[in-house]
Amino acid sequence: MQLGMVGLGRMGANMTRRLMRGGHQLVVSDLSAEAVKQLAGEGAGGSSSLEDLVSKLKPPRAAWVMVPAGGPTEQTVQKLAQHMQSGDVIIDGGNSYFKDDVRRAGQLKSKGIHYVDVGTSGGVWGLERGYCMMIGGPKEAVQRLDPIFKTLAPGVGDIPRTPGREKLDGSAQKSSAEQGYIHCGPSGSGHFVKMVHNGIEYGIMQAYAEGFDIFKNATSKDLPEDIRYDLNLPDIAEVWRRGSVVSSWLLDLTAMALTENPTLSEYEGYVQDSGEGRWTIQAALEEAVPADVLTAALYVRFRSRQQHTFAEKMLSAMRQKFGGHIETGAVKKSA
């Protein structure tokens, strides 16, 4: 299948590569001519502008936008829409606010252009592991794009089937959830599910970070000498990976970071939030749903920009490992 990819950053470039490996034809666009040249050298079709990209796609066209949420996504979607026709599809695979999706879908519908929002999880490891996708938008457009989603998704892999799932009704049997992607519902629902996914991610990361901070401070001189423990943090992370109920991919990445440097001295502990955590709390407020853990995890990130603990270094280490995120403070310090 032919697809246009706009935005060749950490995820966009690797998604392009995974799709090309799967036999799809990609036409790429980026503000960096060098990034376009790099992917063109690997087999993608290059383009010099969004108009040029659209001209190289055969109707009905499909263009995937993988640029930062907010202004960059808004501008890209609107510019693409100027050159696309009825029956074409614009896919927003970034981390847009779900209410923006609903608005854009309504605007594009009047032109006959489909808008599909795809919450995409996988980070810098997605090229090999695949991408978990939460999709919102009109059913006909989502179904047409199924070959793209199937190639990007991780597939069933070696994960055992959830017991009892075979007894569910026919719709569950036909679901693509076990492949690693689902059609959540109408416009905005994909990014809504991804938003809460990221809010939960904040909470899980915070729990690990606080736990290991307790381990690190078990040598405190404020403790009686007979209950001071000089613990091996890399070994604790490693043993928890094997049979523990708290094992997870985030723990795998934590073990990796601690093995590389048990003190995490290369991290300052300045922890960014990318927006989804805030939006999750806003949704909880609108729904009158208590979200104590997720709210506290978000507030810790705010506090991290004022004072830094080992827990916050742990959060920075996990973010760098799964998404390649570099601390803002570290960037300023090295500049």
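Fair warning: this is a prediction, and the values are worked out from it, not measured in the lab.

Q: Can you lay out helix 11 (residues 233-240) for me, pointing to particular residues and giving the numbers?
A: Along helix 11, the residues that are buried comprise Leu233, Pro234, Ile236 and Ala237. Angular distribution of buried residues about the axis of helix 11 spans 165°; they occupy a single face of the element. Where helix 11 is buried, its residues touch helix 10 (189-216), helix 12 (249-260) and helix 15 (310-323). Two or three places before aspartate 235, at the opening of helix 11, asparagine 232 has a side-chain oxygen 2.9 Å from that residue's backbone nitrogen.

Q: Go over empty space enclosed by the protein with me, naming the residues and quoting the values.
A: A water-sized probe, rolled over the atoms, reveals where empty space remains. Evaluation of the coordinates by the stated rule reveals 1 cavity of 30 Å³ or more. Taken as a whole, the largest cavity spans an internal volume of roughly 40 Å³.

Q: If you had to explain the side chain of glutamate 327 to someone new, which residues and values would you point to?
A: For glutamate 327, the location among the structural elements is in the loop between helix 15 and helix 16 (328-334). No salt bridge is formed by the buried glutamate 327; the nearest opposite charge belongs to arginine 319, separated by 8.1 Å. A polar side-chain atom of glutamate 327 sits 2.7 Å from the main-chain amide nitrogen of glycine 269. Setting aside its immediate chain neighbours within four residues, glutamate 327 contacts Glu266, Tyr267, Glu268, Gly269, Tyr270 and Ser316.

Q: Kindly report on the packing of aromatic side chains, identifying the contributing residues and their values.
A: Evaluated as defined, the whole model comprises 10 aromatic pairs. Aromatic pair phenylalanine 98 and phenylalanine 192: ring centres 4.9 Å apart, planes at 80°, arrangement edge-to-face. Here phenylalanine 192 lies in helix 10 and phenylalanine 98 lies in helix 5 (residues 98-109), a separation of 94 residues in the sequence. Here phenylalanine 98 falls in the buried class, since its relative accessible area comes to 14%.

Q: Lay out the sheet that holds strand 4 (residues 62-65) with the relevant residues and their values.
A: Strand order in the open sheet made by the 8 strands is 3-2-1-4-5-6-7-8, with mixed pairing throughout. Looking at strand neighbours, the two that pair on one side only are strand 3 (45-46) and strand 8 (181-185), the edges of this open sheet. Bridging between strand 2 (residues 25-29) and strand 3 involves 2 bridges; their strand directions are parallel. Note on strand 3: the bridge partner recorded for valine 27 is glycine 45.

Q: Tell me about unusual backbone geometry, and please be specific about residues and values.
A: Going from proline 59 to proline 60, the amide bond is cis rather than trans, its omega being -10°. Among the secondary structure elements, proline 60 is positioned in the loop between helix 3 (50-55) and strand 4. Phi is positive for leucine 264, which is not a glycine, with a value near 50°. Along the chain, leucine 264 falls in the loop between helix 12 and helix 13 (276-287). Not every positive phi belongs to a glycine, and alanine 288 is a case in point at roughly 55°. When you line up the elements, alanine 288 lands in the loop between helix 13 and helix 14 (292-303). By relative accessible area, which is 66% here, alanine 288 ends up exposed.

Q: I'd like to hear about the pairing of strand 1 (residues 2-6), residue by residue, with values.
A: With 5 of its 5 residues buried, strand 1 lies for the most part within the structure. Burial of strand 1 is two-sided: the residues Gln2, Gly4 and Val6 facing one way and the residues Leu3 and Met5 facing the other way are all buried. Between strand 1 and its parallel partner strand 2, the chain crosses via helix 1 (residues 10-21), and the hand of that crossover is right-handed. Sheet analysis places strand 1 next to strand 4, joined by 3 bridges and oriented parallel. By the bridge assignment, glycine 4 is partnered in strand 4 with alanine 63.

What counts, and where the lines are drawn
- The residue numbers shown here count from 1 along each chain, following its written sequence.
- It should be noted that, the model being predicted, local features are given only for residues of pLDDT at least 70 and side-chain atom pairs only at 80 or more, the latter also being counted only at that level, while totals for whole chains, interfaces and linings use all residues.
- Only hydrogens and water are removed before side-chain values are computed, so all heavy atoms of the structure are retained for them.
- Burial classes: relative accessible area under 20% of the type maximum marks a residue as buried, over 50% as exposed, and values in between as partly exposed (1.4 Å probe, protein chains only).
- Starting at the N terminus, helices and strands are each numbered in turn, a helix being any DSSP run of H or I of at least four residues and a strand any DSSP run of E of at least two.
- Throughout, the arc means that of the directions going from the helix axis to the C-beta atoms.
- For this analysis, residues touch if any pair of their heavy atoms sits within 4.5 Å.
- Pairs of N or O atoms within 3.5 Å make up the polar contacts considered here, provided that, within protein, one atom can donate a hydrogen while the other can accept it, and that residues adjacent in sequence are counted only when both atoms are side-chain atoms.
- Of the two site types, the cavity is a set of points on a 1 Å grid over the protein atoms alone where a 1.4 Å probe fits but cannot get out, and the pocket is an open set with protein on both sides within 12 Å along at least five of seven lines, each lined by residues with an atom within 4 Å of a point.
- Grid points are joined across faces, edges and corners, and a volume is the space filled by probe spheres set on the points.
- When charges are counted, Lys and Arg contribute as positive and Asp and Glu as negative, whereas His and the chain ends are disregarded.
- Salt-bridge detection follows one rule: a side-chain nitrogen of Lys or Arg within 4 Å of a carboxyl oxygen of Asp or Glu.
- Any Phe, Tyr or Trp ring, taking Trp's six-membered ring, that has another such ring centre within 6.5 Å forms a pair; planes under 30 degrees apart are called stacked, those over 60 apart edge-to-face, and the others tilted.
- Criterion used throughout: strands pair if DSSP finds at least two bridges between them.
- A clockwise path from the first strand over the helix to the second, with the strands pointing away from the viewer, defines a right-handed crossover.

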